[in-house]
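Structure assessment
This is what each chain is made of:
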Amino acid sequence: MNQYLVVGIVFIAIIAILATNKKLVETLKNIYKIEELRKRVVYTIGLLLVYRLGSFIVIPGIDPNALGEGSAYAGQLTENGLLGLLDVFSGGAFGNAAIFALGVMPYITASIVIQLMGMMIPYFQKMQKEGESGRRKMNQWTRFLTIGVLLIQGPAYIANLYHQVPGAFLYGSNFLFVVYATTILIAGTMFIMWLGEKITDKGIGNGISLIIMIGIVARLPHALLAEVNARFQTASGSAIMLIFELVLLFLVFMATIALVQAVRKVPVQYAKRIVGNKQYGGVRQYIPLKMNAANVMPIIFAQALMFIPALFSGTAFAAAFSSMTGFWYNFTLAVLVIAFTYFYTAIIINPQMMADDMKRNGGFIPGVKPGKQTVSYIDTIMTRITLPGSFFLAIVAILPALAMRFLGIQQAFAYFYGGTSLLIMVGVVLDTLKQIESYLLMRHYDGLMKTGRIQGRH
């Protein structure tokens, strides 16, 4: 059977299943009826199409034919885990040497640095407490740092590209070309950031997150086709294995959604207050403590550290961590993910601040005294629920390697079985659906789900 036909059948089957879902069809009709929501959805799709178009515009002066399949550069993207991951995040722009080749990863790097500085440096801590004006200042610092990161990554990207495929450079790789190409890459990333901000303001969902997700999803057809080609090269069992892989992928998605949405609700009772003729408080509410409060950050930090051994190439230390499917690579990655999950959760969840806020508003946890006992109670709960969350996150981090090693899945398709790609896709889809659902409920339409409400990532 033709491999392209198999991929087509898979996508047609998915579309047919969605089209026969009466609830989905009714929801799409309701979205169309709400003018504001309809405009926001169309606006978001339009800007995402602009982003995808830029992923195929090659930097002038570079021959795109020299970067196609079969080239040394394409082989490096397949063999090198870091470069392959960057190519997935950029939606193929990294491998195309496009003007959007560096994508939004420099901005993500800068955001992480600024976020960490906001936790450790008093000047940035003060800005965080200044409200909207402080947020604008932090965003400005993030943009400046993004340009600084691009000034390092741009020339490095051009140098690596020239080292792999010097024949692709039509006019050579002199100093002026490096400056010119780096300027284009900086402009491309800054334009993507502008698109993301416009989507956030006038579209639906978080713009930067949607752009990352669209880049990841855009690689799915190519990765699926490569997997089908690999499976049909075997003499037997190709169709059965392909079906098994798709079923397993579905189960992994369901488990990841459960991880993202899992919360422990801590009851909080508020004291009654009489103001005039009205009564305030006296009701029981809940504090939702997430099992995976750190979200995708532990995997990002851990993967960044796992590329350090590559700096010591030629040594036994580097050789032990050179393979993404090796035991020591994945064992160390899992341990780092668990450690960073506790570290990042401790940073973003402050039991002392939560206890002070409850006490200030006349709230208390039933059976627990306000003050130190409340702090200790919340800290104990977070420690207990973070343990299974960290282990589950570690499993998600090494799932791509397990899929490659034990199931023989191609690297490009294995990225969708776990790691940063999977968590980003699940989290962004949940957040976007939650926003759409809020518009529907405000207009007295049914939500997206027959039972319950979409929880998102809180």
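We now examine the overall build of the chain. Helix and strand counts for the chain stand at 20 helices and five strands. Counting across all 458 residues of the chain, residues that qualify as buried make up 43%. Expressed as a percentage of contacts within the chain between residues at least 6 apart in sequence, the contacts between residues at least 24 apart total 72%. Carbon together with sulfur atoms contributes 66% to the accessible area of the chain, which is approximately 24,100 Å² in total.

As enumerated under the stated definition, the model contains four salt bridges in all. Across the pair Glu-35 and Lys-39 runs a salt bridge whose closest N-O atoms are separated by 3.1 Å. Here the residue Glu-35 and the residue Lys-39 both occupy positions in helix α3 (residues 35-54), the gap between them amounting to four residues, near one helical turn. With relative accessibility at 45%, the residue Glu-35 sits in the partly exposed group. We note a salt bridge from Glu-36 to Arg-40, for which the minimum N-O separation is 3.6 Å. Within this pair, Glu-36 and its partner Arg-40 are both found in helix α3, separated by four residues, close to a single helical turn. Judged by its relative accessible area of 19%, Arg-40 falls in the buried class.

This part covers unusual backbone geometry. The backbone of Ala-97 sits at a positive phi, close to 55 degrees, despite the residue not being glycine. Mapped onto the secondary structure, Ala-97 falls in the loop between α6 (93-96) and α7 (105-120). With a relative accessible area of 0%, Ala-97 lands in the buried category.

Packing of helix α11 (residues 207-218) against helix α20 (residues 419-442) brings their axes to within 9 Å, and their N-to-C directions diverge by 125 degrees. By the angle class used here, α11 and α20 are oblique. In terms of crossing hand, the pair formed by α11 and α20 is left-handed. Where α11 approaches α20, its residues Ser-209, Leu-210, Ile-212, Met-213, Ile-216 and Val-217 are matched on the opposing element by Ser-421, Ile-424, Met-425, Val-428, Val-429 and Thr-432. A class-by-class count of the residues in the contact of α11 with α20 yields nine nonpolar, three polar and no charged.

Considering only enclosed or pocket space, the second largest pocket measures out at about 1,600 Å³ in volume. Going through the elements one at a time, α7, α9 (132-164), α10 (175-202), α11, β4 (284-290), α14 (297-306), α16 (327-348) and α20 are the ones with two or more residues in the lining of the second largest pocket. The greatest single-element share of the lining of the second largest pocket, amounting to eight residues, is contributed by α7. Here the lining of the second largest pocket is built from residues that sort into 24 nonpolar, twelve polar and eight charged.

So, about the packing of α3 against α11. Angle between the axes and distance between the axes: these two values describe a pair of packed helices. Viewed as axis vectors pointing N to C, α3 and α11 meet at an angle of 60 degrees, and their least axial separation amounts to 11 Å. Taken together, α3 and α11 sit at an angle that is classed as oblique. Along this stretch, α3 crosses α11, giving a crossing that reads as right-handed. The residues of α11 that touch α3, namely those facing Thr-44, Leu-48, Tyr-51 and Arg-52, are Leu-210, Ile-211, Ile-214, Gly-215 and Ala-218. The class makeup of the residues in the contact of α3 with α11 is six nonpolar, two polar and one charged.

Right, let's get into the packing of aromatic side chains. Between two aromatic rings, the relevant description is the distance of the centres plus the angle of the planes. Scanning the entire structure with this criterion turns up 13 aromatic pairs. Pairing Phe-100 with Phe-191 gives two aromatic rings, centres 6.0 Å apart and planes at 25 degrees, and the pair type is stacked. Of this pair, Phe-100 sits in the loop between α6 and α7 while Phe-191 sits in helix α10, and the two are 91 residues apart along the sequence. You can call Phe-191 partly exposed: its relative accessible area is 33%.

Together, Ile-243, Val-247, Phe-250, Leu-251 and Met-254 give the surface a local cluster of nonpolar side chains, amounting to about 490 Å² of exposed area. With respect to the helices and strands, Leu-251 occurs in helix α13 (residues 238-261).

As a further point, take the nonpolar core. Ile-62, Tyr-157 and Ile-158 are the most contacted members of the largest nonpolar core, which has 86 residues in total. If you tally residues by element for this core, the top one is α10, at ten residues. In this structure, Val-266, Val-268, Ile-365 and Ile-381 belong to the second largest nonpolar core, which totals twelve residues.

What follows covers the environment of Thr-183. Tracing the sequence through the fold places Thr-183 in helix α10. By relative accessible area, which is 48% here, Thr-183 ends up partly exposed. Measuring from C-alpha to C-alpha, the distance between Thr-183 and Ile-99 comes to 9.8 Å, with 84 residues separating the pair along the chain.

What follows deals with the environment of Ser-421. Tracing the backbone through its elements, the reader meets Ser-421 in helix α20. What makes Ser-421 buried here is its relative accessible area of 2%. Spatially, the C-alpha atom of Ser-421 lies 9.0 Å from that of Val-217, the residues being 204 residues apart in sequence.

About the thresholds
- Residues numbered from 1 in each chain as written.
- Predicted model: local features only at pLDDT ≥ 70, side-chain atom pairs only at ≥ 80, totals over all residues.
- Heavy atoms only, no water.
- Helix = DSSP H or I, 4+ residues; strand = E, 2+ residues; numbered from the N terminus.
- Buried < 20%, exposed > 50% of the residue type's maximum accessible area, 1.4 Å probe, protein only.
- Contact = heavy atoms within 4.5 Å.
- Areas by Shrake-Rupley, 256 points an atom, 1.4 Å probe, with all protein chains shown as cover.
- Salt bridge = Lys/Arg side-chain N within 4 Å of Asp/Glu carboxyl O.
- Axes fitted to C-alpha atoms, helices over the stretch in contact; angles between N-to-C directions.
- Parallel < 35°, antiparallel > 145°, perpendicular 65-115°, else oblique.
- Left-handed = near helix turned anticlockwise from the far one by under 90°.
- Nonpolar A, V, L, I, M, F, W, Y, C, P; charged D, E, K, R; others polar.
- 1 Å grid on protein atoms, 1.4 Å probe; cavity = no way out; pocket = protein on both sides within 12 Å on 5 of 7 lines; lining within 4 Å.
- Points joined across faces, edges and corners; volume = space filled by probe spheres on them.
- Phe/Tyr/Trp six-rings, centres within 6.5 Å; stacked < 30°, edge-to-face > 60°.
- Patch = residues over 30% accessible without salt bridge, like charges linked within 9 Å, V, L, I, M, F, W, Y side chains within 5 Å.
- Core = buried A, V, L, I, M, F, W, Y, C linked by side-chain atoms within 4.5 Å.

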